[in-house]
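Listed below, chain by chain, are the residues.
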Amino acid sequence: MSKKIKSALLSVFYKDGLEPIVEQLKKQQVTIYSTGGTQTFLESLGAQVIPVESLTNYPAILGGRVKTLHPVVFGGILGKRADATHQREMEQYSIPEIDLVIVDLYPFEETVASTSDEKAIIEKIDIGGPSMIRAAAKNYQDLTVIAAKKDYSSLAQLLETQDGCLTLDQRRAFAAKAFEVVAHYDVAIAQYFNPTGGTEFFQAQPFPQPLRYGENPHQSASFYGNLEELFEKLNGKELSYNNLVDVDAALELMQEFSVSASKEYTFAIIKHTNVCGIAERPTIQQAWIDALAGDPESAFGGILVTNGEIDAPTASAIQDIFFEVLIAPAFTPAALEILRTKKNRILLALRNLPTTHQQSKSLLNGVLVQSTDPGNFSDWKEVGGRPSTDTEKADLIFANLISKHLKSNAIALVKNKQLIGKGCGQTSRIDSLRQAIEKARQFQFDLHSAVMASDAFFPFNDCVQLGHQAGITAFIQPGGSVRDSDSIDYCQQHGLAMVITGQRHFKH
């Protein structure tokens, strides 16, 4: 059933984009109620406005905290048009019907992001706005509610094309959006007061983006979040579900590596969220060449990520391989010209790394929440037959970070800050090591003087034995096994370095 809009209440913080609506309301001779800055704005557009204070016979009080919280206002919003009792009471108390409510909310999240002044933040907790939005959305049978400026243009078009009438389905659709706006707002406030989580799990992500499909073509999917905060897309098709999962893994990895004082750059290749190639070198081009050399087979169709600017020589070197996504903080114009020759290739210029400190995952009949896994190691105990050399120590730190970003059970073999073999996702640690050694040998790497990192403890000494036989001379692991001494004793007996970190990095 269509309803003709004859009266409207407007009270908004953001006024841009409101002009076309005001023009339609004026054209259709709609009675307009407003207050404060919104009233002044509407009058500047030539609209005749009835101040809300003239309805309530009460001025805005408490520094503007109380303006619209009044039975006359809420009665006009909540009164049922088809309810005779409601109509009699509205007539008795001189309550006008309100057919359209346009209200947005104080910018709470923007204020939290821009200041630590709690007084300023608290003042941006809107009270009247959410109350009016909820009331209007509840009574969608009789009126229309607009709760965000992104819906201004849709309303303006409907007012013009439907002569000020909105259907029940249209009103209900706007009501659904309004409840989402208020829910998101309330979650943001709750998270401010309980930054580490309260008694309920809340998550409200705006900017829904439908994806082509999910992990597989028969699965539907959407992404909620503002990707433009993280990067600018310079080329290519839309990111898929699997692309996003791998891009997340790539950025998690790259958070571990900043360009050091020695100006060494890191280049990595991600496949199915696992690192399949990574190297740290004085130039971007050499870092790419050595990352690719670690496993050129697995690199096909992967996600590439680096912490340095992509130049033309590097772009030319990358050009020969098929990849889905390349992420870098910057690209030279010449590099972009080379890489854009393939239109579907996704190029992302990194603006910011994610800053989340919490991860969540839906499973069973609930949600699992944990803090992110920060850092590399909490301790550095040299427990082997000798201390690690400076070269081994640098490689051990590098390898340990890599093992942190491989699916458990994870083994990373590193030599000269290059991943030369890795095993991951195996049900036994020794199988992951066998896989890593086989990978290294497949691509003809010399394992002599290489180092090994394990994401969790060695339950037996079989890994250090097999690693030693392959040429590995230094090991890093968190420790914590009841049989730690087996591996430690073997290293001590054979003059091998071993470091216990005290920090496990399982990844399932």
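Structural data are supplied above this passage.
Residues numbered from 1 in each chain as written. Predicted model: local features only at pLDDT ≥ 70, side-chain atom pairs only at ≥ 80, totals over all residues. Heavy atoms only, no water.

**What about the packing of aromatic side chains?**
Then, number 1: Going through the model one piece at a time under the given rule, you end up with nine aromatic pairs.
Then, number 2: Measuring from centroid to centroid gives 6.4 Å for Phe13 and Tyr106, while their planes differ by 65 degrees, and the two rings are edge-to-face. In this pair, Phe13 is assigned in the loop between β2 (7-11) and α1 (19-27) and Tyr106 in the loop between β5 (100-103) and α6 (108-114), connecting sequence segments 93 residues apart.
Then, number 3: Given a relative accessible area of 38%, Phe13 falls into the partly exposed group. (Phe/Tyr/Trp six-rings, centres within 6.5 Å; stacked < 30°, edge-to-face > 60°. Helix = DSSP H or I, 4+ residues; strand = E, 2+ residues; numbered from the N terminus. Buried < 20%, exposed > 50% of the residue type's maximum accessible area, 1.4 Å probe, protein only.)

**Examining unusual backbone geometry**
Then, number 1: In this chain, Ser408 is followed by Asn409 through a cis amide linkage whose omega measures -5 degrees.
Then, number 2: Tracing the chain through its elements places Asn409 in the loop between α15 (390-404) and β19 (411-414).
Then, number 3: We note that Asp163 has phi near 55 degrees; this positive angle belongs to a residue other than glycine.
Then, number 4: For Asp163, the position within the fold is in the loop between α9 (152-161) and β7 (165-166).

**Examining the environment of Glu160**
Then, number 1: In this structure, Glu160 sits in helix α9.
Then, number 2: Taking the C-alpha atoms as reference points, Glu160 and Gln28, 132 residues apart in sequence, are found 9.3 Å from one another.
Then, number 3: Aside from chain neighbours lying at most four places away, what touches Glu160 is Gln24 and Gln28. (Contact = heavy atoms within 4.5 Å.)

**Side note on helix α4 (residues 71-78)**
Then, number 1: Counting buried residues in α4 gives six out of eight residues, a clear majority hidden from the surface.
Then, number 2: Among all positions in α4, only Val72, Val73, Phe74, Gly75, Gly76 and Ile77 are buried.
Then, number 3: Those residues of α4 that are buried are in contact with β2, α3 (52-56), α5 (84-92), β5 and α8 (128-138).

**Observations regarding the pattern of salt bridges**
Then, number 1: If you walk through the whole model with that rule in mind, you get 22 salt bridges.
Then, number 2: Several salt bridges converge on common partners, so that one network encompasses Arg81, Glu97 and Asp99. (Salt bridge = Lys/Arg side-chain N within 4 Å of Asp/Glu carboxyl O.)

**Things to note about the packing of helix α16 (residues 429-442) against helix α17 (residues 462-470)**
Then, number 1: At their nearest, the axes of α16 and α17 sit 9 Å apart, and the two run at 15 degrees to each other. The angle between α16 and α17 places the two elements in the roughly parallel class. Like other packed secondary-structure pairs, α16 and α17 cross with a definite hand, here right-handed. Across the interface between the two elements, Arg429, Ile430, Leu433, Arg434, Ile437 and Arg441 of α16 pack against Asp462, Cys463, Leu466, Gly467 and Ala470 of α17.
Then, number 2: Each residue belonging to the contact of α16 with α17 can be placed in one class, and the counts come to six nonpolar, one polar and four charged. (Axes fitted to C-alpha atoms, helices over the stretch in contact; angles between N-to-C directions. Parallel < 35°, antiparallel > 145°, perpendicular 65-115°, else oblique. Left-handed = near helix turned anticlockwise from the far one by under 90°. Nonpolar A, V, L, I, M, F, W, Y, C, P; charged D, E, K, R; others polar.)

**Quick look at α8**
Then, number 1: Summarising burial for α8: eight of the 11 residues are buried, a large majority.
Then, number 2: Of the positions making up α8, those classed as buried are Gly128, Gly129, Pro130, Met132, Ile133, Ala135, Ala136 and Ala137.
Then, number 3: The secondary structure elements touched by the buried residues of α8 are β2, α4, β5, β6 (144-146) and α10 (168-193).

**Focus on the side chain of Lys439**
Then, number 1: As for its placement among the helices and strands, Lys439 is situated in helix α16.
Then, number 2: Within the local environment of Lys439, its side chain forms a polar contact with the side chain of Asp295, the two groups lying 3.1 Å apart.
Then, number 3: Contacts of Lys439, omitting those with residues within four sequence positions, involve Asp295, Glu297, Ser298, Ile420, Gly421 and Lys422. (Polar contact = N/O pair within 3.5 Å; in protein donor to acceptor, adjacent residues only side chain to side chain.)

**Points about the nonpolar core**
Then, number 1: Formed by 42 residues in total, the largest nonpolar core has its most connected members in Leu239, Val247, Ile278, Ile327 and Ile402.
Then, number 2: The greatest single-element share of this core, amounting to seven residues, is contributed by helix α11 (residues 241-254).
Then, number 3: Excluding anything up to four places from it in sequence, Leu239 contacts Leu211, Leu227, Phe231, Leu244, Val247, Val325, Ile346 and Leu348.
Then, number 4: Residues Val52, Phe74, Ile95 and Tyr140 belong to the second largest nonpolar core, which totals 32 residues. (Core = buried A, V, L, I, M, F, W, Y, C linked by side-chain atoms within 4.5 Å.)

**Topic: the sheet that holds strand β21 (residues 451-454)**
Then, number 1: Taken together, six strands build an open sheet; the order of strands is β18-β23-β22-β21-β19-β20 and the sheet is mixed. The outermost strands of the open sheet, each flanked by one partner alone, are β18 (381-382) and β20 (419-423).
Then, number 2: As defined by bridge partners, β19 adjoins β20 across four bridges and the pair is classed as antiparallel. Each bridged residue has a counterpart across the sheet, and for Ala412 the counterpart in β20 is Lys422.
Then, number 3: Against the sheet, α16 makes contact with β19, β20 and β21, and its axis sits at roughly 145 degrees relative to β20, the strand it touches most.
Then, number 4: Where α17 meets the sheet, it contacts β21, β22 (474-477) and β23 (497-500), and its direction lies at approximately 150 degrees from that of β22. (Pairing = 2+ DSSP bridges.)

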